[in-house]
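Summary of the model geometry
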Amino acid sequence: DYKVTGVQTCALPIYTASATVNGFNVAADASAGSGGYASYATASFSDDPVITFFGGTGEGFAKPSLTASGVDSFGSSGVATASLGWCMIHYFEDSCAWNSVQFIFGLPETQNLFLYALAEAFGELYSGTSANAEASFNGFLGFYDAYGNPLSGVTYEIGSPGQSSPEPGTLLLTAMAGGALL
């Protein structure tokens, strides 16, 4: 699900607001001219993608690449938040822990992804102002074993929420049944 909202308090061209959702990226921009006028925009994205990791056996961990940034000036505000697995960052934080996303190799697992951006601009009596914010998910920065040692050769696929996720206890039975058909 995603939601985009752009609100302008006045139809004059000196007050603008825009919000976009593009893939795993959300952005919001707002500006207001002098005279005490305001505008704001919000963009949010929430999804439950199914992620499957390959290239190993057993348990592993992944460090997601999440970004959140906000730029503002006097009389304005730009705020962003991004989260996946056990990691949530805000516009003033820079990265996630190595063990933010826990997985089992070969097992499709549903993760919750949330991105949010808000920009608000409140024009002062004699000066205009603007703000923008952006949040995104850009894949993974690294993969690790249960002790935090880096793993190499790990790949992953991101599927839709409707993709089936077998229960962990039935994965071996499913693999054995598939092997019996060969």
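Summary of the structure given here. Every chain's residues receive numbers from 1 upward, in the order its sequence appears when written. Predicted model: local features are reported for residues with pLDDT of at least 70 only, side-chain atom pairs are reported and counted for 80 or more only, and whole-chain, interface and lining totals are derived from all residues. Only heavy atoms go into the side-chain values, all of them from the structure, while hydrogens and water stay out.

**Re the sheet that holds strand β12 (residues 129-144)**
Pairing is antiparallel in the open sheet, where five strands are placed in the order β2-β3-β12-β6-β9. The outermost strands of the open sheet, each flanked by one partner alone, are β2 (16-21) and β9 (101-104). Each strand axis lies, on average, 15° off the axis of its neighbour in the sheet, ignoring direction. Pairing of β2 with strand β3 (residues 25-32), which is carried by six bridges, proceeds in the antiparallel orientation. Its bridge partner lying in β3, T16 is registered against S31. One requirement defines pairing of two strands: DSSP has to find at least two bridges between them. By the criteria applied, helices consist of DSSP H or I runs no shorter than four residues and strands consist of E runs no shorter than two, each listed in order from the N terminus. Fitted lines through C-alpha atoms serve as axes, helices being fitted only where they are in contact, and the angles separating the N-to-C directions of these axes extend from 0 to 180 degrees.

**Considerations on the pairing of strand β5 (residues 50-54)**
The classification of residues rests on relative accessible area computed with a 1.4 Å probe and restricted to protein chains. Under 20% of the type maximum is buried, over 50% is exposed, and intermediate values are partly exposed. Where burial is concerned, most of β5 is hidden: four out of the five residues are buried. Strand direction decides the pairing type here: β5 and strand β10 (residues 109-110), joined by two bridges, are antiparallel. Looking at β10, one finds that V50 is bridged to T110. Strand direction decides the pairing type here: β5 and strand β13 (residues 155-159), joined by five bridges, are antiparallel. If you follow T52 over to β13, its bridge partner there is E157.

**Concerning the packing of aromatic side chains**
Working definition: an aromatic ring pair is given by the centre-to-centre distance plus the angle between the planes. Each Phe, Tyr or Trp ring (for Trp, its six-membered ring) is paired with any other whose centre lies within 6.5 Å, and the angle between the two planes then decides the class: stacked below 30 degrees, edge-to-face above 60, tilted in between. All chains considered together, the criterion is met by 14 aromatic pairs. Ring geometry for F53 and F143: centres 6.0 Å apart, planes at 70°, overall edge-to-face. With F53 in strand β5 and F143 in strand β12, this residue pair connects regions lying 90 residues apart in the sequence. Its relative accessible area of 1% is what places F53 among the buried residues. Owing to a relative accessible area of 11%, F143 belongs among the buried residues under this scheme. Consider the rings of F140 and F143, whose centres lie 6.0 Å apart with planes at 45°: the pair is tilted. There is no split in this pair, since F140 and F143 are both buried. Members of the aromatic cluster, joined through ring pairs, are F24, F45, F53, F103, F105, F137, F140, F143 and Y156.

Fair warning: the whole summary comes from geometry, so function is off the table for now.
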